[in-house]
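Commentary on secondary and tertiary structure
So the chains spell out like this:
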Amino acid sequence: MKQKIINFLRAALPFIAVLVLWRLSVPFWNPVGILAIIPIFYCSFVRPVPWFTPFAAIFCFLIDYRGDTLVFWTTAYCLFYAINGFQSYIDLTRIDKNALNVFMIFFGLSIFILLMVNPTVENIMHSAWLFAWTSTLYIPITAIIKRVCDDR
């Protein structure tokens, strides 16, 4: 019985991580729950989890809803998912550092596009902070998911 509970929690951790990070939104540290993008990216592309894609798309939509960005994050996620599905040159599951560089490209490009909608000094500083903060938290969050979900 104990092993069944542990296996359930291992399987549910990516879903729980997204839900918790989205729910714990704080204006400066986690605006609109944007840190939920980390497990969404990691569990969709680097360590694919079964049935995670529709869940991730829904939570990208919820991030959009909270941030009043229409369907920007949902579109960015779906576009990256399509690009990743059609290409066969780069295997994200085998890239070192849990594909931090690829995440930084995905997130940085998305933040840059949002910045170009209203390029003020305040938005530039906020975007730089958000990019640095999210990129810094990518390694610990993905390491926790990787360690807990490891099927040893």
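Anyway, here's the lowdown on the structure attached to this text. (Residues numbered from 1 in each chain as written. Predicted model: local features only at pLDDT ≥ 70, side-chain atom pairs only at ≥ 80, totals over all residues. Heavy atoms only, no water.)

**Describing the packing of aromatic side chains**
- Under the counting rule described, the total for this entry stands at 24 aromatic pairs.
- Between F15 and F55 the ring centres are 4.9 Å apart and the planes differ by 70°, which places this aromatic pair in the edge-to-face class. Here F15 is found in helix α1 (residues 2-23), whereas its partner F55 is found in helix α3 (residues 52-67), with 40 residues between them in sequence.
- Taking 5.3 Å as the distance between ring centres and 65° as the angle between the ring planes, the aromatic pair formed by F41 and F103 counts as edge-to-face. Of this pair, F41 sits in helix α2 (residues 37-46) while F103 is found in helix α5 (residues 100-117), placing the two residues 62 residues apart along the sequence. This pair shows no difference in class: F41 is buried, exactly as F103 is.
- By the ring-pair criterion, three or more aromatic residues cluster together here, those being F41, F45, F72, W73, Y77, F80, Y81, F103, F106, F107 and Y138.
- Positioned over the ring face of W22 is R66, at 4.0 Å from the centre of the ring. (Phe/Tyr/Trp six-rings, centres within 6.5 Å; stacked < 30°, edge-to-face > 60°. Helix = DSSP H or I, 4+ residues; strand = E, 2+ residues; numbered from the N terminus. Buried < 20%, exposed > 50% of the residue type's maximum accessible area, 1.4 Å probe, protein only. Lys NZ or Arg CZ within 6 Å of the ring centre and 35° of its normal.)

**As for the pattern of salt bridges**
- What the rule picks out here adds up to 1 salt bridge.
- Between R94 and D91 there is a salt bridge, with the nearest N and O atoms lying 3.0 Å from each other.
- When its relative accessible area of 73% is taken as the criterion, R94 is described as exposed. (Salt bridge = Lys/Arg side-chain N within 4 Å of Asp/Glu carboxyl O.)

**A look at α2**
- The buried fraction of α2 is high, at 10 of 10 residues.
- Among all positions of α2, only I37, I38, P39, I40, F41, Y42, C43, S44, F45 and V46 are buried.
- Against α1, α3, α4 (72-86), α5 and α6 (121-149) lie the buried residues of α2. (Contact = heavy atoms within 4.5 Å.)

**Things to note about the environment of F41**
- The exposure class of F41 is buried, given its relative accessible area of 1%.
- It is 9.6 Å that separates the C-alpha atoms of F41 and F80, two residues lying 39 residues apart in sequence.
- Non-local contacts of F41, meaning those with residues more than four positions away in its chain, are made with V46, F80, A99, V102, F103, F106 and Y138.

**Side note on a nonpolar patch on the surface**
- A cluster of nonpolar residues, M1, I5, F8, L9, I16, V20 and L24, forms a patch on the protein surface that exposes about 730 Å² of accessible area.
- Given a relative accessible area of 55%, F8 falls into the exposed group. (Patch = residues over 30% accessible without salt bridge, like charges linked within 9 Å, V, L, I, M, F, W, Y side chains within 5 Å. Areas by Shrake-Rupley, 256 points an atom, 1.4 Å probe, with all protein chains shown as cover.)

**Section: the layout of surface pockets**
- In this model, the largest pocket occupies a volume close to 400 Å³.
- If you trace the largest pocket, you find 16 residues lining it, with T69, L114, H126, S127 and L130 closest to the centre.
- Counting residues per element, the ones that place at least two in the lining of the largest pocket are α3, α5 and α6.
- In the lining of the largest pocket, the residues fall into 10 nonpolar, 6 polar and no charged. (1 Å grid on protein atoms, 1.4 Å probe; cavity = no way out; pocket = protein on both sides within 12 Å on 5 of 7 lines; lining within 4 Å. Points joined across faces, edges and corners; volume = space filled by probe spheres on them. Nonpolar A, V, L, I, M, F, W, Y, C, P; charged D, E, K, R; others polar.)

**Side note on the nonpolar core**
- The biggest cluster of nonpolar side chains holds 41 residues, and the ones touching the most others in it are I37, F41, W73, F103, F107, Y138 and I145.
- If you tally residues by element for this core, the top one is α2, at 8 residues.
- Among residues more than four places away in sequence, those in contact with Y138 are I38, F41, Y42, V46, K97, N98, A99, L100 and F103. (Core = buried A, V, L, I, M, F, W, Y, C linked by side-chain atoms within 4.5 Å.)

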